[in-house]
Each structure stands twice: as structure tokens, then as C-alpha cells.
Amino acid sequence: MRDWYAYLFIGPSLFGVVAFLVLPVVIVFALSFFDWELLSDPTFVGLDNYRRLAADGTVWSSLWVTVLYVLLCIPLQTVLALVLAMVVNQKVKGVKFFRALFVIPWMATPMVLGLIWSWIFDPKDGAINQVLDLFGITGPAWLSESSLALPAVALVSVWQHTGYNMLFFLAGLQGIPKELYDAASCDGATPRQRFFRVTLPLLNPTMFFVTVTNMIGAFQAFDTIYSMTAGGPSESTAVINYKIFHTAFREFDFGYAATLSIVLFLVILLVTTVQIRFFSKRTTYDMS
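Calculation criteria
Residues numbered from 1 in each chain as written. Predicted model: local features only at pLDDT ≥ 70, side-chain atom pairs only at ≥ 80, totals over all residues. Heavy atoms only, no water. Phe/Tyr/Trp six-rings, centres within 6.5 Å; stacked < 30°, edge-to-face > 60°. Helix = DSSP H or I, 4+ residues; strand = E, 2+ residues; numbered from the N terminus. Buried < 20%, exposed > 50% of the residue type's maximum accessible area, 1.4 Å probe, protein only. Expected span 1.5 Å × (residues − 1). Arc of directions from axis to C-beta. Contact = heavy atoms within 4.5 Å.

Novice: Mind showing me how you'd approach the packing of aromatic side chains here?
Specialist: On inspection of all chains with the given rule, the structure shows 23 aromatic pairs. Judged by centre distance (4.9 Å) and plane angle (55 degrees), the rings of Phe168 and Phe209 are tilted. Residue Phe168 is located in helix α7 (residues 146-174), and its partner Phe209 is located in helix α10 (residues 204-219); the two are separated by 41 residues in the primary sequence. Look at Phe209 and you get partly exposed, because its relative accessible area is 40%. Ring centres 5.7 Å apart and planes at 35 degrees place the aromatic pair Phe245 and Phe249 in the tilted group. Placement of the pair is Phe245 and Phe249 together in helix α12 (residues 240-249), with a separation of four residues, close to one helical turn. Taken together, the ring pairs connect Trp36, Phe222, Tyr226, Tyr242, Phe245, Phe249 and Phe254 into an aromatic cluster.

Encoded structure:
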């Protein structure tokens, strides 16, 4: 116990992790074996909630909607963030202003952004359809058509998070030694070859962090979807997190909502594990 004083420093953080992360997960897992309507006492039902889950088509539909949402968001915002990072990594006048400008959307509250974008996508008075009307194009009802609602919501997420992810790629780009580019140029490498043979491989640690954190965030999407579409139309934007919310706070079925939360946890854990295994052999942290 010579290092007892170290525990004084890690104690507050350890308490936060246990109280606000580990303990809630344990409680939710335990609650998934109960039937609880909040106002009554919990009733132990064993695996009934999981049996119900296996036969619940709406849950699997919401999981599929979530996967589509992730596929619409993550590749696009990752590529755009990398492109923006390469643009603002140039030594030009006023570049710091644009770096800050691109991050502003991420600082806004998702619920407020959802309300603003709901107006932008409004079929009658929305900014997008008014611009289309100038060219004689009749804009669709973006948030009222099942085929357009999910891409529209995903676009808002991409717009909000691209600038934030740009910062990580910018830091990664600035951490690559300039000598590597000079050596590649001396060997006759073209800009395209320098990008794919030098930049991308050395950005793997950054790419790993960005994709993992963004994937986790996308699977837990709720705020913007709730304020823009409330899961509609026809549940075309009812991601799994919205399904959990609806089950718990609209149907007051907290035991089953806990079961859905465990499923979401396992899906995120599986996806994250796959990403870790994919990047583990492709990532180097030594640039010396």
C-alpha cells in the first residue's frame, strides 16, 4: 500500500465509472428479467422478455433501420471529415477561421438542430424546397416520405459531426513527419501515391478512433430523430434507441425496454470488437 495516495487521485474517476457506467448496466441487465410498469412492483419473468424479443418483428425492423442509418452516416461523414482536414491543413490566410466554423454545428444541441432542420425540410416553407422552386423543381415532402426521411435525418447527422471529426484527422495529419513526404517525393511518388502509401496508413490510429466512436454514437442516435420525425413516417426512422424510448416511456414496459437495451449493447460490442480486430494489425503508433 505504498502507493495509497494514488488511489486518492483515481478515486473520483473510479467512482464515476462505477456509479454512472457499470452499475446502470448491471441494473438494466437485471431488470431485463422482470416485468415492471413503474407504478407496480417488479415481477420476475425469467427469460420471457427475451422470448418475446425473438418473435417481435418490430424490434428487428428497428435494428435494420439503425444499420441503414449507420451506413448512411459513417462512411460519408468520415470521408468528408478527412477531405476537410486536408483542406484546412494548408498554410493559407484565414484557415483558422474555417477550422472553427466547421466545428460550430457539433457544438449545437441536437434537439434544437432537429427543430431547425425540420423547418429547412418543410415541404411548403422550407429553405430547400424554396431553392428548388427557383429552378422550377417541385420539392418532395422530405420528412413525410418513407424513402426520404431516413436519408434526410442522416444528412443532418453528417452535417453536425463532420467538422468535429475533422479536428481528429487534422491532428493526425499534423503528426505525420514532413520528411516522409519529402522522401516519397524524391522516390518519384505522385500526390495520389503519397496519399495512399503514406497519409492513409499513418492515419490508421486516427481512423480507428473516429470510426469506433462514431459507430457507437450512430447506433445510439435518438435526439435528432425524435425532434425531426419521432420515428415516422411508418416507423421508417424508428431506430432501436427510439424503440427503447417508446417502449419505456410511452408503453411503460420497462422490463422489455431493458431487454432491448441489452440487445443494443451486444450489437455495439460486436461491431466494436470487429473494428478493433480489423485495425489491430493495420495500425502503427510509431512514426519514428
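Novice: Where do I start with helix α4 (residues 95-107) in this structure?
Specialist: In an α-helix, one full turn covers 3.6 residues, which means residues spaced three or four apart are oriented alike. Under the 1.5 Å per step criterion, the end-to-end length of α4 is 19 Å for 13 residues, consistent within 8% with the ideal 18 Å. Listing the buried residues of α4 in full gives Val95, Val103 and Pro105. An end-on view of α4 places all buried positions within 140 degrees of arc, on one side of the element. The exposed set on the far side of α4, more than 90 degrees from its buried face, consists of Lys96, Phe97 and Met107. Summarising the contacts, the buried residues of α4 are in contact with α3 (57-88), α5 (110-120) and α7.

Novice: Before we go on, may I ask you to explain the environment of Thr259 in this structure?
Specialist: Of note, Thr259 is situated in helix α13 (residues 254-280). Between the C-alpha atoms of Thr259 and Pro123, which are 136 residues apart in sequence, the distance is 38 Å. Not counting residues within four places of it along the chain, the set of residues in contact with Thr259 comprises Ser32, Asn49, Tyr50 and Leu53.

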